[in-house]
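Tertiary structure, described
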Amino acid sequence: TTTRTPLMAGNWKMNLDHAEAVHLVQKLAWTLQDKKHDPARAEVVVIPPFTDLRSVQTLVDGDRLKLAYGAQDVSTEASGARTGEISAHMLARLGCRYVVVGHSERREFHAESDELVNAKARATLGAGMTPIVCVGEGLEVRQAGDQVAHTLAQVDGSLAGFGAEEVAGLVVAYEPVWAIGTGEVATPDDAQEVCGAIRARVREVHGDAAADGLRVLYGGSVKAANVAGIMAQTDVDGCLVGGASLQADEFGGICRFY
Ligand code: PEP
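The name recorded for the protein in an unreviewed UniProt entry is Triosephosphate isomerase, from Nocardioides lentus. What UniProt states about the protein under its Catalytic activity (unreviewed entry) heading is, verbatim, "D-glyceraldehyde 3-phosphate = dihydroxyacetone phosphate". The record in UniProt for the protein states the following under Subcellular location (unreviewed entry): "Cytoplasm".

This is how it looks when you write it as structure tokens:
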């Protein structure tokens, strides 16, 4: 048993303009109401592109919708000469509660290192938001059976220097890269193996309070049809959902896993 509130986060990636964003968030809110979703049983978060955040904020304003939202990336810097970047303060001002850092697509296409991910997580915490720190192995590492060692090295690097209290409030998303957008979902046992190892490592390095507070998500081709088996695992506290989060019915079904 756990006191951690499950977290279901929908990463829209580079999809939907602001008008489409409004449509999806409204539809999701109706779907959750229809399914009699209980916010105490799962926290629901949408992670749209930066350009949609203002529109999503307007909808969620006043907390009429029991939804939180966040951003897909953040700058390490507070302000100044960083053309094209968005600061943590700017995101916090827009009401973001979460920021995804180190998603595998950023690690791959923007060569983001654990050190950079660590700095982005620090910037996020500094602005009072919660980082969702993404880790996970590629296919070759999985085939060699090195998924645990590989992922724990990313956890060590990405969380380096954080205090136990900070870690207790964090979210780590284990996303095996071979399962992202491929329809290839890790088995519940695969998810538990690495998510359990992440919590054990955090317990070793940061202590019990950090390990018991930390929420560990699984991500990779999660759908309404496979979410229950994944959520039944001891060390899985939620899911980071890509493709399926673009459909209100499907994502609503995932949020209503319980
Ligand atoms: C993701 O991008 O974080 C993800 C898990 O994608 P998908 O659900 O589409 O595999």
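**Concerning the environment of Val 227**
For Val 227, the location among the structural elements is in helix α11 (residues 227–231). When the C-alpha atoms of Val 227 and Ala 121 are compared, they prove to be 27 Å apart, with 106 residues separating the residues in sequence.

**Section: the pairing of strand β2 (residues 43–47)**
Strand residues, when the strand is regular, have side chains that alternate between the two faces of the sheet. Burial within β2 is extensive, with four of its five residues counted as buried. Pairing analysis gives five bridges linking strand β1 (residues 7–11) to β2, with the strands arranged parallel. Across the sheet, residue Met 8 finds its bridge partner in β2, namely Val 44. What joins β1 to β2 is helix α1 (residues 18–34), and the crossover it makes is right-handed. As paired elements, β2 and strand β3 (residues 68–71) share two bridges and run parallel to each other. The residue bridging Val 45 from the neighbouring strand is Ala 68, located in β3.

**Focus on the UniProt feature "binding site: substrate" (unreviewed entry) in the protein**
Under the local residue numbering, the UniProt record ascribes the feature "binding site: substrate" (unreviewed entry) to Asn 11, Trp 12, Lys 13, Gly 181, Ser 221, Gly 242 and Gly 243. These annotated residues cover 233 residues of sequence, and their C-alpha atoms all fall within 13.9 Å of one another, placing them together at a single site. As for its position among the elements, Lys 13 is in the loop between β1 and α1. With respect to the helices and strands, Gly 243 occurs in the loop between β8 (238–241) and α12 (248–255). Classification of Gly 243 as buried rests on a count of 20 C-beta atoms within 10 Å.

**Brief notes about the packing of α1 against helix α2 (residues 53–60)**
When two helices pack together, their arrangement is given by the angle between their axes and by how far apart the axes lie. Two elements in contact, α1 and α2, have axes separated by 9 Å at closest approach and are oriented at 30°. Read as a crossing pair, α1 and α2 show a hand that is right-handed. Between α1 and α2, the residues in contact are His 18, Ala 21, Val 22, Val 25 and Gln 26 and Ser 55, Val 56 and Leu 59, respectively. Looking at the contact of α1 with α2, its residues break down into five nonpolar, three polar and no charged.

**Brief notes about the sheet that holds β2**
Pairing within the closed barrel is parallel, and its eight strands lie in the order β1-β2-β3-β4-β5-β6-β7-β8. Direction aside, the axes of adjacent strands within the sheet are offset by 25° on average. The strands touched by helix α9 (residues 188–206) within the sheet are β6 (171–174) and β7 (215–219), with β7 carrying the most contacts at an inclination of about 155°.

**Concerning the site of the ligand**
Near the ligand, the surroundings consist of 13 residues, among which Ile 180, Gly 181, Gly 219, Gly 242 and Gly 243 are the closest. For the shell around the ligand, a count of residues per class yields five nonpolar, seven polar and one charged.

**Let's talk about the packing of helix α5 (residues 114–126) against helix α7 (residues 147–158)**
At their nearest, the axes of α5 and α7 sit 8 Å apart, and the two run at 45° to each other. Here α5 lies oblique to α7, going by the angle between them. By crossing handedness, the relation of α5 to α7 is classed as right-handed. Residues Asp 114, Glu 115, Val 117, Asn 118 and Ala 121 of α5 form the contact with α7, whose participating residues are Gln 154, Gly 157 and Ser 158. Classifying every residue of the contact of α5 with α7 gives two nonpolar, four polar and two charged.

**Here's the deal with α9**
Across its 19 residues, α9 extends 26 Å between first and last C-alpha, which sits within 8% of the 27 Å expected from 1.5 Å per residue. Restricting attention to buried positions, one finds in α9 the residues Ala 191, Gln 192, Val 194, Cys 195, Ile 198, Arg 199, Val 202 and His 206. Considering only its buried residues, α9 is in contact with α7, α8 (164–168), β6, α10 (208–213), β7 and α11. Positive backbone phi, approximately 95°, marks Gly 207, located one or two places after α9.

**Re the UniProt feature "active site" (unreviewed entry) in the protein**
Per the UniProt annotation, the sites labelled "active site" (unreviewed entry) are His 103 and Glu 175. A stretch of 73 residues holds the annotated residues, and the largest C-alpha distance among them is 8.6 Å, short enough that they meet in one place. Looking at the element boundaries, His 103 is found in the loop between β4 (98–101) and α4 (104–109). Sequence-distant contacts of His 103, that is, excluding residues within four places in its chain, are made with Gln 72 and Cys 134. Within the secondary structure, Glu 175 sits in the loop between β6 and α9. If near-sequence neighbours (up to four positions away) are discounted, Glu 175 is found in contact with Ser 104, Cys 134, Gly 136, Ile 180, Gly 219, Gly 220 and Leu 240.

Cut-off values and rules
Residues numbered from 1 in each chain as written. Predicted model: local features only at pLDDT ≥ 70, side-chain atom pairs only at ≥ 80, totals over all residues. UniProt positions renumbered as here; feature names shortened; annotations may be inferred. Helix = DSSP H or I, 4+ residues; strand = E, 2+ residues; numbered from the N terminus. Buried ≥ 20, exposed ≤ 12 C-beta atoms within 10 Å, placed from the backbone. Pairing = 2+ DSSP bridges. Right-handed = clockwise from strand over helix to strand, strands pointing away. Axes fitted to C-alpha atoms, helices over the stretch in contact; angles between N-to-C directions. Left-handed = near helix turned anticlockwise from the far one by under 90°. Contact = placed C-beta atoms within 7 Å. Nonpolar A, V, L, I, M, F, W, Y, C, P; charged D, E, K, R; others polar. Near = placed C-beta within 6 Å. Parallel < 35°, antiparallel > 145°, perpendicular 65-115°, else oblique. Expected span 1.5 Å × (residues − 1).

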